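Structure at a glance
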Amino acid sequence: PQSVMYGSSAIGGNINLNSVPTLGSSISQTLGSNGLSVTNLSIGEMVGDSTVVNLELEKESRDGPSAVLAGTEDDPFESTGFALSQETELDNGFTFYTGIIQNKNDISYDDTTGNEEYTGDVTFQNLQASLTSDNTRIVLNRATHDRQYTEPYSGGVRNAEYDSVVNTAQAE
C-alpha cells in the first residue's frame, strides 16, 4: 500500500508529525510531481514559566502515480494528521510530557495486475504520557490502528477491516 505514496517499489512509509514540543510557529507548502501537495502548520508556545505546548497540523495529497509498475491509472492518496503535545519542567527535577498523534489516510489503488481496485480508510492514533528525570523514566503508551478497506480476491471484491490496540508501560 505504500506504493501509492512513494512509488511502485516502495514497501514502507512515514508519518511526518513531531511528538516533541518545540517553540515557534511555521507554515510550509510543498508541491511536487503527480499532484503532490503537502501543507504543514506548527505552533509552539510557552505557557507560564515551565510548560511548552505544541500543535502541528499536516495535510498531504497526491494524484498518483500508479501503484502498478507499468500502470497508467493514477492511484490517489490523501493524509491528514495532527500532533498535540505539552512538556512541563517540574520543580522536583522531573519532566512531565503528554502527547497525542493522529493520522488518517484515504487510499485508492490498483492491485498488482492493474485490474482491480483496493481502497482503504486508515486511522492511526498514539497517546503517550511520561515522567522523566536524570535517572528515572516512566512511560505509558496506547497505540490504535483502525483500517476499513475493500480488497480484491478470487471471487471479486470484499470489504474487510483490521483493528488493533497496543498498550505499553515502561519504567526504568
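To be clear, the structure that these remarks concern was listed above.
About the criteria used
- Residues numbered from 1 in each chain as written.
- Predicted model: local features only at pLDDT ≥ 70, side-chain atom pairs only at ≥ 80, totals over all residues.
- Heavy atoms only, no water.
- Pairing = 2+ DSSP bridges.
- Helix = DSSP H or I, 4+ residues; strand = E, 2+ residues; numbered from the N terminus.
- Phe/Tyr/Trp six-rings, centres within 6.5 Å; stacked < 30°, edge-to-face > 60°.
- Lys NZ or Arg CZ within 6 Å of the ring centre and 35° of its normal.
- Patch = residues over 30% accessible without salt bridge, like charges linked within 9 Å, V, L, I, M, F, W, Y side chains within 5 Å.
- Areas by Shrake-Rupley, 256 points an atom, 1.4 Å probe, with all protein chains shown as cover.
- Salt bridge = Lys/Arg side-chain N within 4 Å of Asp/Glu carboxyl O.
- Buried < 20%, exposed > 50% of the residue type's maximum accessible area, 1.4 Å probe, protein only.

**A look at the pairing of strand S3 (residues 51-62)**
Pairing analysis gives 11 bridges linking strand S2 (residues 37-47) to S3, with the strands arranged antiparallel. Within the sheet, the bridge partner assigned to Gly44 lies in S3 and is Asn54. Following S2, the chain reverses through three residues before pairing antiparallel with S3; Gly48 in that reversal takes a positive phi of roughly 75°. As paired strands, S3 and strand S4 (residues 77-89) are joined by 12 bridges and run antiparallel to one another. By the bridge assignment, Ser61 is partnered in S4 with Glu78.

**A short note on the packing of aromatic side chains**
The full count for this structure, using the stated rule, is zero aromatic pairs. For Arg147, the ring lying beneath its charged end belongs to Tyr149, and the centroid distance is 4.4 Å.

**Notes on the pairing of strand S1 (residues 24-31)**
Here eight bridges tie S1 to S2, and the two strands are oriented antiparallel to one another. When the sheet's bridge partners are listed, Leu31 is paired in S2 with Ser37. The turn linking S1 back onto S2 is made up of five residues, and Asn34 within it adopts a positive phi angle of 55°.

**Some thoughts on a nonpolar patch on the surface**
Judged by side-chain polarity, Ile27, Leu41, Ile43, Val47, Val53, Leu55, Leu57 and Leu84 come together as a nonpolar surface patch covering roughly 610 Å² of accessible area. Listing elements by their share of the nonpolar patch, those giving two or more residues are S2 and S3. Note on placement: Ile43 falls in strand S2. Look at Ile43 and you get partly exposed, because its relative accessible area is 35%.

**A short note on the environment of Asp75**
Its place among the elements puts Asp75 in the loop between S3 and S4. Residue class for Asp75 comes out buried when judged on its relative accessible area of 0%. The spacing of Asp75 and Arg62 is 13 residues in sequence and 8.4 Å in space, taken between C-alpha atoms.

**Quick notes on the pattern of salt bridges**
All chains considered together, the criterion is met by three salt bridges. For Lys59, the salt bridge is made with Glu78, and the minimal N-O distance between the two is 3.7 Å. Residue Lys59 is located in strand S3, and its partner Glu78 is located in strand S4; the two are separated by 19 residues in the primary sequence. Residue classification places Lys59 among the partly exposed positions, given a relative accessible area of 39%.

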